[in-house]
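# Fold and contact review
These are the residues of each chain, in order.
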Amino acid sequence: MDFNSLRPNILATGSIDKQIKIWDINSMEKELYRIKYLSGVGFVKWKPNDADKIFVSSYSGDNSLSIYDSRKIHYPLELLRGHKDVVTACVFDAEKNYVVTASKDGYIICHPSETSYQPMDHCNKYGLAFDLDSTVAFTFNKGSRQRAEANTNTNTNTNTNTNKPVKNSINVVSSNL
């Protein structure tokens, strides 16, 4: 468990039950957030100079230290890799922007911030949106954009339940952002 240095009333806890909980100690009735994690949590630690970044070590076997934004815990922002066993501790050097990790493998590793692995940089990015005018927009591959519009002038088929026209052709417009 670890207190947030910039918000001293905020406490993060993690445990083998695969949950990270964020608490406000001024009202300990119920946790502020309960985050389901993929595996048992080894430890959680807040980044000293950032009220929203939290470091998580897991027992999952990937032997990395994951860095999350506590407001968007769906995916890690960064991973610090290099150990051959579970990460057991970390400390920060805010002046030089380093994170030092220790592991059950018997080693410590000094991670400069620019060497972290950023998973979102290696994902395919797709987006899809609909509007009420039968327009479909989707994005892919770093800024390409295509817009597909259902043609509302095609009345060759009708829905037998509603007797309304079925839109059965799509015009695709492609552009780059």
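Cut-offs and rules
- Residues numbered from 1 in each chain as written.
- Predicted model: local features only at pLDDT ≥ 70, side-chain atom pairs only at ≥ 80, totals over all residues.
- Heavy atoms only, no water.
- Helix = DSSP H or I, 4+ residues; strand = E, 2+ residues; numbered from the N terminus.
- Buried < 20%, exposed > 50% of the residue type's maximum accessible area, 1.4 Å probe, protein only.
- Contact = heavy atoms within 4.5 Å.
- Areas by Shrake-Rupley, 256 points an atom, 1.4 Å probe, with all protein chains shown as cover.
- Pairing = 2+ DSSP bridges.
- Core = buried A, V, L, I, M, F, W, Y, C linked by side-chain atoms within 4.5 Å.
- Patch = residues over 30% accessible without salt bridge, like charges linked within 9 Å, V, L, I, M, F, W, Y side chains within 5 Å.
- Salt bridge = Lys/Arg side-chain N within 4 Å of Asp/Glu carboxyl O.

This next bit is on the overall build of the chain. On a plain count of helices and strands, the chain comes out with zero helices and 15 strands. In the chain, which comprises 177 residues, the share counted as buried stands at 33%. Within the chain, contacts between residues at least 6 apart in sequence are counted, and of these 30% link residues at least 24 apart. In the structure as shown, the chain presents an accessible area of about 11,600 Å², 51% of it carried by carbon and sulfur atoms.

The next point concerns the sheet that holds strand E4 (residues 33–36). Spatial ordering of the open sheet is given by E1-E2-E3-E4, a layout of four strands whose pairing is antiparallel. Since the sheet does not close on itself, it has two edges, and those belong to strand E1 (2–3) and E4, each with one partner. Strand direction decides the pairing type here: E1 and strand E2 (residues 10–15), joined by two bridges, are antiparallel. Directly across from Phe3, in E2, lies its bridge partner Leu11.

All right, on to the nonpolar core then. Residues Ile20, Ile22, Val44, Ile54 and Val56 are the most contacted members of the largest nonpolar core, which totals 13 residues. Those elements giving two or more residues to this core turn out to be E2, strand E3 (19–24), strand E5 (41–46) and strand E6 (53–58). Sorting elements by how many residues they give to this core places E5 first, with three residues. Within the second largest apolar cluster, eight residues are counted, among which are Phe55, Leu65, Ile67 and Val99.

This paragraph deals with the pairing of strand E10 (residues 98–103). Here E10 shows one buried face, formed by Val99, Thr101 and Ser103, and one open face, formed by Tyr98, Val100 and Ala102. Of the pairings in the sheet, the one linking strand E9 (residues 87–93) to E10 comprises six bridges and is antiparallel in character. The residue bridging Val87 from the neighbouring strand is Ser103, located in E10. Connecting E9 to the next strand, E10, in antiparallel fashion are four residues, including Asn97 with a positive phi near 60 degrees. Bridge count for E10 against strand E11 (residues 108–112) is five bridges, and the pairing is antiparallel. By the bridge assignment for E11, Ala102 is matched with Ile108.

Judged by side-chain polarity, Phe3, Ile25 and Met28 come together as a nonpolar surface patch covering roughly 270 Å² of accessible area. For Met28, the position within the fold is in the loop between E3 and E4. What makes Met28 partly exposed here is its relative accessible area of 42%.

Side chains bearing opposite charge may pair, as long as their charged atoms lie close to each other. Applying the stated criterion across every chain yields a total of five salt bridges. Here Arg7 ties to Asp52 by a salt bridge, and the two come within 3.1 Å at their closest N and O atoms. With Arg7 in the loop between E1 and E2 and Asp52 in the loop between E5 and E6, the pair connects residues that are 45 residues apart, well separated along the chain. For Arg7, a relative accessible area of 32% puts it in the partly exposed group. Residue class for Asp52 comes out buried when judged on its relative accessible area of 17%. Ionic pairing is found between Arg71 and Asp69, a salt bridge with its closest N-O pair at 2.6 Å. On the accessibility criterion, Arg71 (55% relative accessible area) is exposed. When its relative accessible area of 6% is taken as the criterion, Asp69 is described as buried. A single network of salt bridges, built from pairs that share partners, joins Arg7, Asp52, Asp69 and Arg71.

Any link to function would need more than the numbers given here.
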